[in-house]
Amino acid sequence: MAAAAEPGARGWLGGGSPRPGSPTSSPELGAGSRSRSGPGSGPERSGSRPPGPAAPSHSFRKVTLTKPTFCHLCSDFIWGLAGILCDVCNFMSHEKCLKHVKTPCTSVAPSLVRVPVAHCFGPRGLYKRRFCSVCRKGLEAPGLRCEVCELHVHPDCVPFACSDCRQCHQDGHRDHDAHLHHWREGTLPSGARCELCRKTCGSSDVPAGVRCEWCGIQAHSVCSAALAPECTFGRLRTLVLPPACVRLLSRNFSKMHCFRIPESAAPEPGDGEDSADGSVPAGPGREVGTPESGKQTLKIFDGSDAMQRNHFRAVTVPRLARSQEVLEAALRAYYISEDPQGFQLQALPTPEQLGDTAAAGRVWSAGPAEEEGGRAAPEAWVLRALPRTQEILKIYPAWLKVGVAYVSIRVTPQSTARSVVLEVLPLLGRQAEGAEGFQLVEVLMGSRQVQRTVLADEEPLLDRLREIRQTSLRQMSQTRFYVAESRVPAPRVSLFVGGLPPGLSPQEYRRLLDEAVTSKAALVTVSHVYSAQGAVVLDVACFAEAERLYVLIRDTAVRGRPLTALVLPEVLHTKLAPDCRPLLVFVNPRSGGLKGRDLLCSFRKLLNPHQVFELTNGGPLPGFHVFSRVPCFRVLVCGGDGTVGWVLAALEDLRHHLACPEPAVAILPLGTGNDLGRVLRWGAGYSGEDPLSVLLSVDEADAVLVDRWTILLDAHESACGEDSEADAEPPKIVQMSNYCGIGIDAELSLDFHQAREEEPGKFTSSWGSGADLWGSDSDSRFEKPRMDDGLLEVVGVTGVVHMGQVQSGLRSGIRIAQGSYFRVTLLKATPVQVDGEPWVQAPGHLIISAAGPKVHMLRKAKQKPRKAGPAKDARADGAPAPEGDPK
C-alpha cells in the first residue's frame, strides 16, 4: 500500500502509486517502439527516447513531420523533420522540451482531478482558434464549449472530457483554507505574456500555455508551477462572489440546473463528427467512411452499454495488422493507458449469435483480413478486460482535512466495502474514530454529471470493479472511490417557484402547491413568500423530494400559467471579505439583437455563475432573493430601457427584504433606445466590447442619483362608448425612469415592438434613441433639466416630419411644461409607451408623480479604466455619451 501527498500549487493530484486497475506497478506497452513515462513506469524499450520523469503517462514516440508543426509546450516551430508525439492524446513536442512536460495525458487526466465538477455544455457552435481539450486538435467543425469554464471539445470527445470544471460553491467536498488557481490549457491569445518570465506564452496554432479561470493570470505550463498557488481573483476581486461563500448541496442535480442554464439539444456521447484517429466518422447510425487502400476501418465498442446504445469508436488499421497492433489502436481510441496484456478484443455478436456463447466470445487471434470457415472477419469488436484476481485501487479521502490526496490498497476477492474502510482509516490517521462512522462512496466523474453512490458494507469490491468494466471501460477510468463520513449535514435545497397567482397568503400558496404537485408536508416548508410577485421559496429537507418537485413544477401550470422552478444557492454572507461588493448581473438575452446570449456566457466565466441571472428565467426576483443577506452589493443590468425599468421596479418592491436596500445599478445597453445608458455614459449600445473591460468600468464607476416616477393608469369607459379599441381596466401603477410617450410616438413604438417580437435579431435601434427633444436653447420659463432635479419635462411634436427633424438634430420638440405632478385625460383609446414598452391604453386618466426616494445608479467614469494584469488585449469601451436628462 502507498500514500500520495497532496500538492498545493496544481489542480491535479500526484502520487507514485500504480495506476488504477493495474495489477502491477510497472505496466508495459506491447509494442517496443514506444516508451511510457509517468509514475511507476518500467524501463524504456530499445529504440525509444525517455521523455523524463516530468511527463505524466504520455506514450511518446519519434515521428516524421510532413507539415509545419508547433510544440505544445513552448509553442515554437519544430524545425527539421522529427518531432515527439504522444500516440494517445496527440501532444507534440521538441525533443529538448520533453523533460519539462507537465501536462498530463488524456488517459490519466481524470485521476488527477482534485475535486470532480461536471461541465455545462451549450449548443454546438463554431469556435475559431480553439482546441479540443481531449484530442488537442483544432475545432474546425462545430464543437461544444462549457458555459462556465473555457473547456472546448469535439462532440465525439465529450465522453472522455475530465470533470474538471470550476468549483463555484461548496457542495460537501473538502474545504480548503485558501482558494487555488484553476488552470486551463490552450485558451490564450497569441500575444499573451507569461506572468513569470514575461515571454510570449500563447499561440493560435497549438494549445499552449495555461490561464487561471478565476484571476486570469497567464503563464507557460512550466512557469505556472513556480507561481504562488493561492488565487486572489485578480482585478475583479471585489466583484466576484467567492466560491467559499456559496453553499449548494446539489447531490445529483445537473450543473445546468444549479446554474439556471437552459438545457440545449446536446449530442449523446459518441455522436459527433470526429473519430478516434480523426480520419473517419463515428457514432450511432452513421456509416463508416471508406479507408485507404490496404487498410480497413473497425468499429470498437468498450462494453455492454456502448453495444446497447450503438456508440462506437472507429479505428483504421492495416489489413495485415497483427492482433497486438489492433488491440493497441483500440486502447488508444478509448484513451486507456494500461497494459494491453490485460485486455482482449471479442467479436461483436450478431442478433443470431446472442445465444451462441462460443460465437459471442470469439477473440481476435489472427489478422482481420483472414477468413475462418469461409467467413470474413467481422468489422465490429468489443474491447474487454481480462478477469483479474487482484487490483491496486486508489481510495480518496472525502470531507476530511488530511495531508494526502489518496492511498493505494490491494483489492482481493475477499475485499468488501467495509474491509476497505477498515484498511484505509489507519492510513488517514482516523483509526481511533471507528469504522462505523465512515462509508465507501463510488463516484462516477462524467463530463456532464458527477454521480455518487454509497456502497453497501458487504459489497464485494472486486466484483464491483469487474461489473463496471463489463459495462464500460471508459466508465472505469472515470470512477473514483472515496471514504466518507457517514454523518453528513442534513440536506437543505432551496427551490424558487414562480408564476403563481399574486396576492395570496402563505397558507393559500401551500394549499395551491399541494394540489398541483402533492408535496410532502414533513419535508417541505415555505420559507419565503413574495405575494406581490406570485412567487415562493421552498426549503426541501430531502434530495429525492427536491428532485421530484423540481421536475413536476417545471411541467405544471396553475390557472393557465406555467410555473417556473429554479434551484437557488445560499450565500454565506458572514464569510465575505469587508471590501467585497459582489456584482449581481441581470441579462436579457432577447435585447439588442440577441447579443445578451453571448454576454451571459462571458459573465458566467468571468464571475461566479451563481451571481449571473437570465431575466427570461424567473425575472429579477431570484437574483435579489439570493443576494438578500449580502450587506453590500452592486447590480449590472444588461438590456434596454424597458429591462432597466423592470429591474428597478423589482428593486423598489423588494427593498425592504434586502440587507443592502439601495444597491447602485449600472447599465450595459443592449436595447433599441438606451437613453438612460447614454446619459450615464455607458454608450448608445453594446458593440462587442471586451466583457472584462465592462466589468472594470463598473468597478470604477461613480454613484449618482436618478429620479423615478410613478404613473397611475385609471381607465374608465368613454362617455359615448364609441370608437373604443380597448376595454376598461382596473387602476394599475407603472414605474418610469426615462420617458412616457402618448400618441404618434407610442404608436410607432407599438408597431416596432410587434415586429421585433416576431424577429428580434433584425431590430437593434428605434427612431428616438438619443434624440434631444428638449433642446439646448436657454429659456427663462424653465429650469435646465437634470436627472435628479425632481422635475419632469413635457414636450410635444406635430407629426412624423417633425419627429424626423428632431432625430436629425434640425429642430427640437415644443416645450409645454415642467413640473413634478401631471394629470393627463385620454378621451379615447390611445397608444402609450413607458420606457420603450408600448400598449393601447383605454380612455381615462394618467397621473404622473415623483416615486418616493431616488434610485442609486452608476455613471461610467470619464477616465479610461485601468487594464487588468493578464488582459493585455482588452479592448476599450465605446465613446461616452454626453451628459443630459433621460426624461
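Note: the structure precedes this text.
Structure report, in brief.

Rules behind the numbers
- Residues numbered from 1 in each chain as written.
- Predicted model: local features only at pLDDT ≥ 70, side-chain atom pairs only at ≥ 80, totals over all residues.
- Heavy atoms only, no water.
- Helix = DSSP H or I, 4+ residues; strand = E, 2+ residues; numbered from the N terminus.
- Buried < 20%, exposed > 50% of the residue type's maximum accessible area, 1.4 Å probe, protein only.
- Contact = heavy atoms within 4.5 Å.
- Areas by Shrake-Rupley, 256 points an atom, 1.4 Å probe, with all protein chains shown as cover.
- Core = buried A, V, L, I, M, F, W, Y, C linked by side-chain atoms within 4.5 Å.
- Phe/Tyr/Trp six-rings, centres within 6.5 Å; stacked < 30°, edge-to-face > 60°.
- Lys NZ or Arg CZ within 6 Å of the ring centre and 35° of its normal.
- Expected span 1.5 Å × (residues − 1).
- Pairing = 2+ DSSP bridges.
- Salt bridge = Lys/Arg side-chain N within 4 Å of Asp/Glu carboxyl O.

**Let's talk about the overall build of the protein**
For the protein, the count of helices and strands is 17 helices and 44 strands. In the protein, which comprises 887 residues, the proportion classed as buried is 55%. In the protein, once contacts between residues fewer than 6 apart in sequence are set aside, the share between residues at least 24 apart is 69%. For the protein, the exposed surface amounts to about 38,000 Å²; the carbon and sulfur share of it is 51%.

**Structural notes on the nonpolar core**
Residues L383, F603, F624, L636 and M857 are the most contacted members of the largest nonpolar core, which totals 146 residues. Each residue touching F603, except ones within four places of it in the same chain, is listed here: V585, V587, V612, L636, C638, L668, P691, V694 and L695.

**Comments concerning the environment of L393**
Among the secondary structure elements, L393 is positioned in strand β18 (residues 391-397). Overall, the relative accessible area of 3% leaves L393 in the buried class. Separated by 88 residues in sequence, L393 and F481 place their C-alpha atoms 8.5 Å apart. The contacts of L393, once residues within four sequence positions are left out, are V407, S408, I409, V411, L461, L465 and F481.

**Section: the packing of aromatic side chains**
Inspection of the entire model under this criterion finds 14 aromatic pairs. Judged by centre distance (5.6 Å) and plane angle (80°), the ring pair of F70 and F77 falls under edge-to-face. Here W774 and F782 contribute two aromatic rings whose centre-to-centre distance is 5.2 Å and whose plane-to-plane angle is 80°, an arrangement assigned as edge-to-face. With a relative accessible area of 11%, W774 lands in the buried category. A relative accessible area of 16% places F782 in the buried class. Members of the aromatic cluster, connected to one another through ring pairs, are F70, F77 and W79. Just above the ring of W839 sits the side chain of K732; from NZ or CZ to the centre is 5.6 Å.

**Side note on helix α9 (residues 506-517)**
Over its 12 residues, α9 runs 16 Å from end to end, which matches the ideal 16 Å to within 8%, given 1.5 Å per residue. Looking at the buried side of α9, the elements it contacts are β23 (493-498), β24 (524-530), β25 (535-540), α10 (543-554) and β26 (557-558). Remark: T518 follows α9 within two positions and exhibits a positive phi of approximately 55°.

**Here's the deal with the sheet that holds strand β9 (residues 210-212)**
Adjacent strands of a sheet pair through backbone hydrogen bonds, lying either parallel or antiparallel. Pairing is antiparallel in the open sheet, where 3 strands are placed in the order β8-β9-β10. Here the strands that pair on one side only, and so sit at the sheet edges, are β8 (183-185) and β10 (218-219). Strand direction decides the pairing type here: β9 and β10, joined by 2 bridges, are antiparallel. Following the sheet pairing, R211 is matched in β10 by Q218.

**Regarding the side chain of S749**
Tracing the sequence through the fold places S749 in helix α16 (residues 744-758). Each residue touching S749, except ones within four places of it in the same chain, is listed here: Q833 and P838.

**Digging into the pairing of strand β22 (residues 479-485)**
The element β22 is largely enclosed, with a buried count of 6 among its 7 residues. Sheet topology places β18 next to β22; 3 bridges connect them, and they run parallel. Residue pairing for β22: Y396 is matched across the bridge by Y482. Summarising the sheet, strand β20 (residues 438-445) and β22 pair through 7 bridges and their orientation is antiparallel. By the bridge assignment, Q439 is partnered in β22 with A484.

**Describing the pattern of salt bridges**
Counted according to the given criterion, the structure contains 33 salt bridges. We note a salt bridge from R136 to E185, for which the minimum N-O separation is 2.9 Å. Here R136, found in the loop between β5 (92-93) and β6 (144-145), pairs with E185, found in strand β8; they are 49 residues apart in sequence, far enough to count as distant. Judged by its relative accessible area of 9%, R136 falls in the buried class. What makes E185 partly exposed here is its relative accessible area of 22%. Of the charged contacts in the structure, one is a salt bridge between R418 and D457, with a shortest N-O distance of 3.0 Å.

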